[in-house]
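Coordinate analysis (summary)
So the chains spell out like this:
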Amino acid sequence: MAILPPSCEVWNSLAKNFFGAPAALAGRGHCIYILIRRLSEALEAFILTGKPGDGALHVFDEKQERAIAGHWASLGLTVTYRSQQITYMNHTVTVKYLHVHNPTTNAGASLIPWFMRPGRPYPIFTYVYAVWHYLSTGEKSLSLSAAAAQKVFGVGRLNKSTVSRNMEAMARTIAMAGVDRPLAADGREAPPDEETIARVPQMLAGGPPAEGLGATRDAAAPAGGNAALRRALGGIPAELSKVEKGGGPGGGKARDGRKRGARPRAERKKPAQRIVRFVDSWQIERARIAFIGICRRAVLVAAEKYHRFLL
């Protein structure tokens, strides 16, 4: 994602108009994204249980959604629906959310669930867990951390290259925002969703203008990025990373240390890929739910205080 430098006029405008609101500005798509923490009953149940229910999942309950859209329309704002597919717990669902546009200022905002990152196929906590798992286990194996995230959150195509790219992206975000403390431990009190939603027309009336979003750039990965990431993701209980069984990544038998005679050399074969064996499903579920709660706070603080997606 393109990064907005803190000295950028558009970034300053966002920080001023959206002060205290969990809002992030994406350099692509010409849109402000407001993160909603209290989700509809169906969407909340999907995140907690992994059961998708029937049809598309909306960010708000039907009655609340109609009231919000009707109020904005009465103020002359254009309200539409947008959607994005999310894969989680071996299910792919469509999440529908409101997008509001001010035709006078040409500014727009989308109200998305806190766990969604535009353009990403998995919930944000999946990527954050993989990065945190790698760092918290002594940077042992990107492949192992990818496999752990796949197992915990029921996603199918997370590999070590994806984990590496996300780690670099998070390091850039942390460096640009100047985060120097654990995000999930931040005691900042943000306004409730209802208050933020009520302020949206005022926010869009003052910009930032959509055309200004082109003034973004991609930042280089900072030196010492992993240390900064550890600080930002600090305070997460280490036991949440212990989802694979002991005995090494493959969970195999202990090495046989007995002395043996030399064996005839044979043609070297490609080593078989070791299979990662995981703990019981109830332990996986406990780690998943606990991490989601922690990540939710970190994501919202990044949006409230720094107006950025965590990655």
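Figured I'd write up the structure that's included with this text. (Residues numbered from 1 in each chain as written. Predicted model: local features only at pLDDT ≥ 70, side-chain atom pairs only at ≥ 80, totals over all residues. Heavy atoms only, no water.)

1. A look at unusual backbone geometry
Put simply, the rule reads: For the purposes of this entry, the term helix denotes a DSSP run of H or I that reaches at least four residues, the term strand denotes a run of E that reaches at least two, and both are numbered from the N terminus. Think of it in three bands: with a 1.4 Å probe and only protein chains considered, a residue is buried below 20% of the maximum accessible area for its type, exposed above 50%, and partly exposed in between.
Of note in this structure, N106 is not a glycine but carries a positive phi near 65°. Locating N106 in the fold gives a position in the loop between strand 5 (91–102) and strand 6 (107–113). On the basis of relative accessible area, N106 is assigned to the partly exposed category, the value being 37%. The phi dihedral of E139 falls on the positive side, at around 55°, and the residue is not glycine.

2. Points about the pattern of salt bridges
How we decide: Each reported salt bridge corresponds to a side-chain nitrogen of Lys or Arg within 4 Å of a carboxyl oxygen of Asp or Glu.
Summed over all chains, the structure comprises 7 salt bridges. Where R181 meets D180, a salt bridge forms, and the shortest distance between an N and an O atom there is 3.2 Å. Connected through shared salt-bridge partners, R37, D193, R297 and E304 make up one network.

3. Some words on the packing of aromatic side chains
Our working rule: Each Phe, Tyr or Trp ring, with Trp reduced to its six-membered ring, pairs with another whose centre is within 6.5 Å; inter-plane angles below 30 degrees give stacked pairs, above 60 give edge-to-face pairs, and intermediate values give tilted ones. Whether a charge sits over a ring depends on NZ of Lys or CZ of Arg being within 6 Å of the ring centre and within 35 degrees of the ring normal.
This structure, assessed with the given rule, holds 13 aromatic pairs. With a centroid separation of 5.8 Å and an interplanar angle of 55°, the aromatic rings of Y33 and F309 are classed as tilted. With Y33 in strand 2 (residues 31–36) and F309 in the segment after helix 9 (281–305), this residue pair connects regions lying 276 residues apart in the sequence. You'll find Y33 and F309 in the same group, each marked buried. Centroid distance W114 to F125: 5.9 Å. Interplanar angle 45°. Geometry classified as tilted. Of this pair, W114 sits in the loop between strand 6 and helix 4 (124–136) while F125 sits in helix 4, placing them 11 residues apart in sequence. One exposure class covers both W114 and F125, and it is buried. Grouped by ring-pair contacts, the aromatic residues F46, Y88, W114, F115, F125, Y129, W132, F153 and F291 constitute a single cluster. Positioned above the aromatic ring of F309 is the side chain of R117, whose terminal nitrogen or guanidinium carbon lies 4.6 Å from the ring centre. The ring of Y127 is capped by R120, whose NZ or CZ atom sits 5.0 Å from the centre of that ring.

4. Structural notes on the packing of helix 4 against helix 9
Inclusion rule: Axes here refer to lines fitted to C-alpha atoms; in helices the fit is confined to the stretch in contact. Angles between the N-to-C directions go from 0 to 180 degrees. Geometric relationships in this document are graded by angle, where less than 35 degrees denotes roughly parallel, more than 145 denotes roughly antiparallel, 65 to 115 denotes roughly perpendicular, and other angles denote oblique. Note on definitions: a residue-residue contact is assigned when non-hydrogen atoms from the two residues lie within 4.5 Å. Note on residue classes: Ala, Val, Leu, Ile, Met, Phe, Trp, Tyr, Cys and Pro are nonpolar, Asp, Glu, Lys and Arg are charged, and everything else, Gly too, is polar.
Viewed as axis vectors pointing N to C, helix 4 and helix 9 meet at an angle of 100°, and their least axial separation amounts to 10 Å. Classified by the angle their axes make, helix 4 and helix 9 are roughly perpendicular. Residues I124, F125, V128, Y129 and W132 of helix 4 touch helix 9, and the partners they reach there are F291, I292, C295 and V299. Residues belonging to the contact of helix 4 with helix 9 are distributed by class as follows: 9 nonpolar, no polar and no charged.

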